[in-house]
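# An overview of the molecular structure
Chain residues, written in single-letter form:
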Amino acid sequence: AASDIKYIPNSHIMDYSQSKGKDDIYAAVHIYYNENPSQDKFDLLTKTINTSDWLYKVKTALDVYVAITATADADTLGALIVADLNKKKIPFIVPRTLYKNFPGDLIYITRNRFSSSSGSALNLLVRILSISKMCSSNKTGITVEIV
């Protein structure tokens with residue numbers, strides 16, 4: 001990561017939470033590729049997300065239509081989509097230190113209590129998904145995802 005990335009310590013993070021809505025959870029990703037326009041047919045590659053069914057009780061599939069012809073490329077794309085779907089959105093509020101930042105920017109956070117295998121987030125690199133600059137209260141509400 002670039003050296004000008006802001007660092008947000010634990011003491012500056014307020015109203016921290018992690019959430020994942022059911023609209024963002026899928027049990028499988030269907031990649032439709034190698035289109036045959038004359039017959040209006042596609043080849044289908046399915047990437048299953050095993051934990052979605054028993055963890056969230058979701059059976060919905062995400063349909064993705066692409067202009068890819070090779071099976072290996074469709075398989076790689078499916079794996080990348082599955083990895084992106086597993087990212088959690090983390091909203092929290094920080095002081096106005098992020099007024100000059102925009103969605104897509106990277107920041108480091110440190111959090112003593114964090115839902116990970118280690119139980120903490122030490123210098124965790126995250127990408128800003130959305131930012132709300134609350135000028136009247138000198139605070140910034142952001143939603144991030146782990147990079």
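Residues numbered from 1 in each chain as written. Predicted model: local features only at pLDDT ≥ 70, side-chain atom pairs only at ≥ 80, totals over all residues. Heavy atoms only, no water.

Another point: the pattern of salt bridges. Summed over all chains, the structure comprises two salt bridges. K47 is the partner of D75 in a salt bridge, and the nearest nitrogen-oxygen pair spans 2.8 Å. Of the two residues, D75 sits in helix 2 (residues 71-85) while K47 sits in strand 3 (residues 41-48), which places them 28 residues apart along the sequence. Since its relative accessible area comes to 32%, D75 is described here as partly exposed. Owing to a relative accessible area of 21%, K47 belongs among the partly exposed residues under this scheme. In this structure, R127 engages E145 in a salt bridge whose closest nitrogen and oxygen atoms are separated by 3.7 Å. A residue pair is termed long-range when its members are at least 10 positions apart, and R127 in strand 7 (residues 121-134) and E145 in strand 8 (residues 139-146) qualify at 18 residues. (Salt bridge = Lys/Arg side-chain N within 4 Å of Asp/Glu carboxyl O. Helix = DSSP H or I, 4+ residues; strand = E, 2+ residues; numbered from the N terminus. Buried < 20%, exposed > 50% of the residue type's maximum accessible area, 1.4 Å probe, protein only.)

What follows deals with helix 2. Its 15 residues place the ends of helix 2 21 Å apart at the C-alpha level, agreeing with the 21 Å of an ideal helix rising 1.5 Å per residue. Residues A74, G78, I81, V82 and L85 constitute the buried set of helix 2. Projected onto a plane normal to the axis of helix 2, the buried residues spread over an arc of 100° and lie on a single side. Opposite its buried face, helix 2 presents the exposed residues A72 and L80, each directed more than 90 degrees away. On its buried face, helix 2 sits against strand 2 (28-36), strand 3 and strand 4 (61-65). (Expected span 1.5 Å × (residues − 1). Arc of directions from axis to C-beta. Contact = heavy atoms within 4.5 Å.)

Read from one edge of the open sheet, three strands run 3-2-4, paired in mixed fashion. One side of each edge strand has no neighbouring strand; the edge strands of this open sheet are strand 3 and strand 4. Neighbour-to-neighbour, the strand axes of this sheet turn through a mean angle of 25°, independent of strand direction. Where strand 2 meets strand 4, five bridges bridge the pair, whose relative direction is parallel. Opposite I31, over in strand 4, you have V64 as the bridge partner. Relative to the sheet, helix 2 contacts strand 2, strand 3 and strand 4, its axis offset from that of strand 2 by approximately 150°. (Pairing = 2+ DSSP bridges. Axes fitted to C-alpha atoms, helices over the stretch in contact; angles between N-to-C directions.)

The next thing to look at is the side chain of T143. By the secondary structure assignment, T143 is in strand 8. Beyond its immediate chain neighbours, meaning those up to four positions away, T143 contacts K89, I90, P91, R127, I128, L129 and S130.

Attention now goes to the environment of S52. Relative to the elements of secondary structure, S52 occurs in helix 1 (residues 50-56). For S52, a relative accessible area of 3% corresponds to the buried category. Residues S52 and K22 lie 30 residues apart in sequence; the distance between their C-alpha atoms is 10.0 Å. Excluding residues within four positions of it along the chain, S52 makes contact with I25, Y26, A27, K57 and V58.

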